[in-house]
There are 2 protein chains.
Amino acid sequence: MAEKGLLIVVSGPSGAGKGTICKKLLDMDSNIKMSISCTTRLPRKNEIDGVNYFFIDEFKFKKMIAEDSFLEYAEVYGNYYGTPKKYVDDMINQGKDVILEIDIQGALKIKEKYADGVFIFILPPSMEELKNRIKKRGSETEESFLRRFNSAFKEINYVSCYNYAIINYEDKFDEAAEKIEKIIAAEKCRVSRLINDVHFKEVFLNEQ
Amino acid sequence: MAEKGLLIVVSGPSGAGKGTICKKLLDMDSNIKMSISCTTRLPRKNEIDGVNYFFIDEFKFKKMIAEDSFLEYAEVYGNYYGTPKKYVDDMINQGKDVILEIDIQGALKIKEKYADGVFIFILPPSMEELKNRIKKRGSETEESFLRRFNSAFKEINYVSCYNYAIINYEDKFDEAAEKIEKIIAAEKCRVSRLINDVHFKEVFLNEQ
């Protein structure tokens, strides 16, 4: 039987660089797969069903909600988005590590259902640097900039709900991605996981 | 201020290969230092004070016990051995990671005083392989072999008191040492450590 994979949940304020880090990680390690969400919004040009999203209609989505088929879901501007439990479970049972890049609200919901997950928070090098990054992304007005910055500032307090925090220093996306790889390797050695593993129990805890 | 180092406590049954793994780790990573024990036994040929051990007399050792200067100590065949708190603390405050290879009784004592430590258990690939390794090391009689093997077998149950377990597959000492390196890197990203770090608090949890 293949060793089970891990669910890696990655969050962080806008401007922390989590998207780029996750992409690096996928390039780096072929055992890591991105989780694919279901959505009711229409595909954009170039988006492929089963690659970018599973595109489904609202009837199907609500049926899946009723069947408790999502690790989490949310409605955003009239469209539904959700993380399908089965896809994640299938990957993990095949031994793949599944990365899920998700906002804090989503991550907290997943933590309730999937305490075995590894929760990683990506931080900017400093609040000053976060200010610059949000400015660079182009906020239209001082007011909208402040709204975004204050929201990011509040989000950072949720770091205490996560297992790990990685500071993403400027232009060191590779380093941050490597840290996630090391966290995955370390988590696979955690005794709290191993003592629930059938093979481990068989070899070390029963035989005489 | 330098980032604090970690105390890494390594145990495992005789024949698991922990000694070789620790040596590999020291060669691999110059930031890792071996803890140096105090002992009242006389230096053997080629042993150097302050390198292999701190050689001290019984009067000094008992004074240190009275002053609570050991993380743990034990008497073995009339000689005392102990892990000096100050040496470990000094290294850690300089940002070094300190490896302490120690038996399970010692490790459990350290866990009481130093819950921040990272406790790693080294396992053989299987109990069958452990049998072979103990046999190879040469036990004089079947009885003494059985005593050693049964003692190793009992020790393995203590794995549940450790944070991590590493299976040392035959001739893959480098791989096992690399796993410890990854565990160290991951542990330095643990939120439970970071939120007690002065610098981290200053940057992320107070500034507005």
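The following refers to the structure shown.

Rules and cut-offs
- Residues numbered from 1 in each chain as written.
- Chains lettered and ligands numbered in written order.
- Predicted model: local features only at pLDDT ≥ 70, side-chain atom pairs only at ≥ 80, totals over all residues.
- Helix = DSSP H or I, 4+ residues; strand = E, 2+ residues; numbered from the N terminus.
- Rg over C-alpha atoms; globule rule 2.2 N^0.38 Å.
- Buried ≥ 20, exposed ≤ 12 C-beta atoms within 10 Å, placed from the backbone.
- Core = buried A, V, L, I, M, F, W, Y, C linked by C-beta atoms within 7 Å.
- Contact = placed C-beta atoms within 7 Å.
- Arc of directions from axis to C-beta.
- Pairing = 2+ DSSP bridges.
- Axes fitted to C-alpha atoms, helices over the stretch in contact; angles between N-to-C directions.
- Least-squares fit on C-alpha atoms with pLDDT ≥ 70 in both.
- Nonpolar A, V, L, I, M, F, W, Y, C, P; charged D, E, K, R; others polar.

Focus: the overall build of chain A
For chain A, the helix and strand inventory stands at 9 helices and 9 strands. Over its C-alpha trace chain A gives a radius of gyration of 19 Å, about what one expects of a compact globule, namely 17 Å for 208 residues. Seen through its principal axes, chain A has C-alpha atoms that stretch 70 × 45 × 30 Å. For chain A, the residues scored as buried account for 34% of the 208 residues in total.

Here's the deal with the nonpolar core
By size, the foremost hydrophobic cluster in this structure holds 96 residues, and its most contacted members are Ile8(A), Val9(A), Ile120(A), Ile8(B), Val9(B) and Ile120(B). Filtering out sequence-adjacent residues up to four positions away, Ile8(A) remains in contact with Asp97(A), Val98(A), Ile99(A), Leu100(A), Val118(A), Ile120(A), Ile180(A) and Ile184(A).

Some thoughts on helix 1 (residues 18-28) of chain A
Those residues of helix 1 of chain A not exposed but buried are Lys18(A), Ile21(A), Cys22(A) and Leu25(A). On an axial view of helix 1 of chain A, the arc spanned by its buried residues comes to 100°, and they lie on one face.

Digging into the sheet that holds strand 3 (residues 37-39) of chain B
Within a sheet, adjacent strands bond to each other through the backbone by hydrogen bonds, running parallel or antiparallel. All names here are of chain B. Within the open sheet, the 4 strands sit side by side as 4-3-6-5. Their pairing is mixed. Looking at which strands have only one partner, the edges of the open sheet turn out to be strand 4 (53-55) and strand 5 (70-76). Taken over all neighbouring pairs, the strand axes of this sheet differ in orientation by 25° on average, direction set aside. Bridge count for strand 3 against strand 6 (residues 79-84) is 2 bridges, and the pairing is antiparallel.

Observations concerning the relation of the copies chain A and chain B
Each of the two chain copies can be brought onto the other by rotation about an axis and movement along it. Each copy of the sequence occupies a distinct position, and chain A is placed on chain B by a rotation of 180° and an axial shift of 0.0 Å, giving an RMSD of 0.0 Å. Such values leave the two copies arranged in the relation of a two-fold axis. Residue Lys182(A), judged by its C-alpha, is the member of chain A lying nearest the rotation axis, at 2.5 Å. Comparing interface residues between copies, 100% of those in chain A also lie at the interface in chain B; the contact surface is shared.

Structural notes on the interface of chain A and chain B
Counting residues at the interface gives 26 residues for chain A, matched by 26 residues for chain B. Of all the elements, helix 7 (residues 173-187) of chain A adds the most residues to the side of chain A that touches chain B, at 5 residues. A breakdown of the residues in the side of chain A that touches chain B according to their chemical character gives 18 nonpolar, 4 polar and 4 charged.

Here's the deal with the pairing of strand 7 (residues 97-101) of chain B
Regular strands show a simple pattern: their side chains alternate between the two faces of the sheet. Residues and elements named next belong to chain B. The buried count for strand 7 comes to 5 of 5 residues, which makes it a mostly enclosed element. With burial as the criterion, each face of strand 7 is covered, one bearing Asp97, Ile99 and Glu101 and the other bearing Val98 and Leu100. Bridging between strand 2 (residues 32-34) and strand 7 involves 3 bridges; their strand directions are parallel. Within strand 7, the residue paired with isoleucine 32 across the bridge is aspartate 97.

Points about helix 4 (residues 104-113) of chain B
Residue and element names in this part refer to chain B. Where helix 4 is concerned, the buried positions are Gly106, Ala107 and Ile110. Considered in projection along helix 4, the buried side chains sweep an arc of 100° and stay on one side of the axis. Pointing more than 90 degrees away from the buried face of helix 4 are the exposed residues Gln105 and Glu112. Contact partners of the buried residues in helix 4: strand 1 (7-11), strand 5 and strand 8 (118-123).

Structural measurements only, silent on function.
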